[in-house]
Amino acid sequence: MFDDLRSFIQKLDEIGELKKIEGAHWDLEIGTITELMAERKGPALLFDKVKGYPKGYRVAANILYTSIMQRLAFGFPEELSDMDVIKYWKDKESNFKPVPPVEVSSGPVRENVLTEDQINVLKFPVPKWHELDGGRYIGSGTLTITRDPDEGWLNFGTYRAMVQDEKTLGFYSSPAKHGNLMRQKYWARGESCPVVVCFGQEPILFAASTMNLPWGVSEFDFAGYLKGQPIEVIRGEVTGLPIPATAEIAIEGFSPPPEVDSRPEGPFGEWTGYYASGSRTEPVVHIKAIYHRNNPIIHGQPPLKPPYNAWYPIPIHLATPLWSELESLGMQGITGVWVHGPSGRPIGVVAVKQSYLGHAKQIAHIAASLMHGGACAGRYIIVVDDDIDPSNFDDVLWAVTTRCNPETSIDLVRGFLSSPLDPSIPPEKRARGDFTTAKVIIDACRPYHWRHEFPPVNKASDELRQKVLSAWRHLFT
Ligand SMILES: Cc1cc2nc3c(=O)[nH]c(=O)nc-3n(C[C@H](O)[C@H](O)[C@H](O)COP(=O)(O)O)c2cc1C
């Protein structure tokens, strides 16, 4: 596992998966090159000598964009198929034992410490990613660290951060997110919420920050468990919060109650491929200290119009929790779970070895309720038989178009939580603050009660394929 962002980027370079670009402008050029290169399935990008900035102040983008990069960054075993990675990650999560962070006296993040008049977040080449963005976003691949004031545990999550001015950042965290819930507890007491935000960190921290871990489980403990050793942190001088010792850039500050200070945030080109949530008044963070390494790197993870993923090609963030939760509710016979669609979110597919009447339907309806609300995730649930690979959308489509009778096998259930980011919420509903959506539930399994009469599949048997493969191996190597 990598101890910092730069050693991961160096590894990408060594394996020919990195392109270094000099002289691009922070104002739309970095963003547009990122988009054009993603469309061409190009390598990861490292921007240096950004217009108006000294050499060494860098921006990395598209670094988790392919399966190869994600596997390398998060340490997935090479031999596993993408579908098996989901199972591997699920098993790993279910054996979780907390590995708390360890405090060290110093670390590279302290190479430069800026306070008071020195504080200026535009010291870094913060990109304006897309033309309609309301500002420059330093935070797209962030860790936002907070401590619960009652329970004392530490959370971090990836929440976007727009530069409001040199000493102030936007703090956009959706309603049910843990950072959001924690900050409200401080505000309810009339206090400001202490915050640390990092803008470039070791990849395993980023993986942990994008997982929906249960309330009370610290992402620091989870990241340490995944890494197999404690995450090293220094103590922030202003807030006392831990700061990953090898982070590229971190700020410490306080988020005041919204009635004291909140400002327009957005629009921001979102992972749905739209600007649906427009600009709204959102909380802010007043920066009290900046820490950064020499030659710092901003981790840019801007949403691009799908299919270019703001999240990950292997959807550990949604498929894994969905599978675990279904099993924890007693659902048996699940052989795979995948999530397709923009940023690996709106189309959940569950494969099941059916063993009783209504088995597939039961799993489908539970999955529809479980698929996390918010931002139109979980719009479609498809349940397929165990001979279908849920990660292969062509296979799933084949099942939907051949085993699902629309008259009897599709349900539409109304009233699930979506979000302001959902572009399909009509204006009048949006004006009422009604961000609910319907879900479509598709049972694409062979009907259980006549499964034995269902026409056989037109494909060589496993036995015959093996026999022919051994006899004709030279054709297939
Ligand atoms: C690139 C990227 C950007 C994200 N941006 C936001 C955001 O701006 N606001 C938000 O609430 N969640 C955002 N998320 C989702 C959260 O990071 C994710 O749901 C995480 O689990 C939240 O952590 P929490 O459960 O500790 O709150 C983003 C995820 C990724 C991968």
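One structure accompanies this document, and this report is about it.

What counts, and where the lines are drawn
Residues numbered from 1 in each chain as written. Predicted model: local features only at pLDDT ≥ 70, side-chain atom pairs only at ≥ 80, totals over all residues. Heavy atoms only, no water. Pairing = 2+ DSSP bridges. Helix = DSSP H or I, 4+ residues; strand = E, 2+ residues; numbered from the N terminus. Patch = residues over 30% accessible without salt bridge, like charges linked within 9 Å, V, L, I, M, F, W, Y side chains within 5 Å. Areas by Shrake-Rupley, 256 points an atom, 1.4 Å probe, with all protein chains shown as cover. Salt bridge = Lys/Arg side-chain N within 4 Å of Asp/Glu carboxyl O. Buried < 20%, exposed > 50% of the residue type's maximum accessible area, 1.4 Å probe, protein only. Contact = heavy atoms within 4.5 Å. Near = heavy atom within 4 Å. Polar contact = N/O pair within 3.5 Å; in protein donor to acceptor, adjacent residues only side chain to side chain. Core = buried A, V, L, I, M, F, W, Y, C linked by side-chain atoms within 4.5 Å. Axes fitted to C-alpha atoms, helices over the stretch in contact; angles between N-to-C directions.

### So, the sheet that holds strand 12 (residues 232-235)
Part 1: Across the sheet, 3 strands lie side by side as 4-12-13; this open sheet has mixed pairing. This sheet does not close on itself; its edge strands, each paired only once, are strand 4 (102-103) and strand 13 (242-244).
Part 2: As paired strands, strand 12 and strand 13 are joined by 3 bridges and run antiparallel to one another. Within strand 13, the residue paired with isoleucine 234 across the bridge is isoleucine 243.

### What about a nonpolar patch on the surface?
Part 1: A surface patch of nonpolar side chains, about 520 Å² in accessible area, is lined by Leu464, Val468, Trp472, Leu475 and Phe476.
Part 2: Checked against the element boundaries, tryptophan 472 lands in the segment after helix 13 (462-471).
Part 3: Residue tryptophan 472 is classed as partly exposed on the basis of its relative accessible area of 47%.

### Observations regarding the environment of proline 230
Part 1: When you line up the elements, proline 230 lands in the loop between helix 7 (219-227) and strand 12.
Part 2: Along the sequence, proline 230 and tyrosine 275 sit 45 residues apart, while their C-alpha atoms lie 39 Å from each other.
Part 3: Leave out the neighbours within four places in its chain, and proline 230 touches Val99, Pro100, Pro101 and Val102.

### Focus on the site of the ligand
Part 1: Around the ligand, a shell composed of 21 residues is seen, among which Thr158, Tyr159, Arg160, Ser174 and His178 lie nearest.
Part 2: At a separation of 2.8 Å, an oxygen atom of the ligand approaches a polar backbone atom of arginine 160.
Part 3: In this structure, serine 174 approaches the ligand through a main-chain N or O atom, which is 2.8 Å from an oxygen atom.
Part 4: Protein burial of the ligand: of its 640 Å² of free accessible surface, 92% is covered by the chains.
Part 5: Among the elements of the structure, strand 8 (154-157) and helix 5 (178-188) are those that each provide at least two residues to the shell around the ligand.

### Details of the nonpolar core
It is characteristic of soluble globular proteins that their nonpolar side chains tend to be buried jointly.
Part 1: Phe74, Ile316, Leu326, Val350 and Val383 are the most contacted members of the largest nonpolar core, which totals 80 residues.
Part 2: Counting residues per element, this core draws most heavily on helix 9 (residues 359-370), which supplies 6 residues.
Part 3: Those residues in contact with isoleucine 316 that lie beyond four places of it in its chain are Gln70, Phe74, Phe76, Val85, Ile86, Trp89, Met211 and Pro321.
Part 4: The next biggest cluster of nonpolar side chains, apart from the first, holds 39 residues, and it includes Leu45, Tyr57, Phe171 and Tyr186.

### Observations regarding the side chain of glutamate 202
Part 1: By the secondary structure assignment, glutamate 202 is in the loop between strand 11 (193-198) and helix 6 (203-209).
Part 2: A distance of 2.8 Å separates a polar atom in the side chain of glutamate 202 from a polar atom in the side chain of lysine 227.
Part 3: With residues up to four places along the chain from it excluded, the contact list for glutamate 202 reads Phe2, Asp3, Asp4, Leu5, Lys227, Ile231 and Thr246.

### Some details on helix 5
Part 1: Turning to helix 5, its buried residues number three or more, namely His178, Gly179, Asn180, Met182, Arg183, Tyr186 and Trp187.
Part 2: Just downstream of helix 5, glycine 190 is the residue with a positive phi angle, here 80°.

### Regarding unusual backbone geometry
Part 1: With omega at -5°, the peptide bond leading from glycine 266 into proline 267 counts as cis.
Part 2: Along the chain, the position of proline 267 falls in the loop between strand 15 (262-265) and strand 16 (280-292).
Part 3: At asparagine 62, a residue that is not glycine, the phi angle is positive and equals roughly 55°.
Part 4: Following the sequence through the fold, asparagine 62 ends up in the loop between strand 3 (58-61) and helix 3 (67-74).
Part 5: A residue is classified by how much of its surface remains accessible, and asparagine 62, at 7% relative accessible area, is buried.

### Topic: the sheet that holds strand 2 (residues 44-48)
Part 1: The strand order across the open sheet built from 4 strands is 1-2-3-17, with neighbouring strands paired in mixed fashion. Whereas interior strands pair on both sides, the edge strands pair on one side only; in this sheet they are strand 1 (18-22) and strand 17 (297-299). Across the sheet, the axes of successive neighbouring strands diverge by a mean angle of 20°, strand direction being ignored.
Part 2: Bridge analysis of strand 3 against strand 17 gives 3 bridges, and the strand direction is parallel. Following the sheet pairing, arginine 58 is matched in strand 17 by isoleucine 297.
Part 3: Seen against the sheet, helix 2 (residues 29-39) touches strand 1, strand 2 and strand 3 and runs at an angle of roughly 160° to strand 2.

### Here we look at the pattern of salt bridges
Part 1: All chains considered together, the criterion is met by 31 salt bridges.
Part 2: In this structure, lysine 227 and glutamate 202 form a salt bridge, with 2.8 Å as the shortest nitrogen-oxygen distance. You can see lysine 227 sitting in helix 7 and its partner glutamate 202 sitting in the loop between strand 11 and helix 6, a full 25 residues away along the chain.
Part 3: Relative accessible area serves as the criterion here: at 13%, lysine 227 is assigned to the buried category.
Part 4: Glutamate 202 gets classed as buried once you look at its relative accessible area, which sits at 3%.
Part 5: With a shortest N-O distance of 3.9 Å, arginine 432 and aspartate 434 are connected by a salt bridge.
Part 6: Looking at arginine 432, the relative accessible area reads 59%, which means it is exposed.

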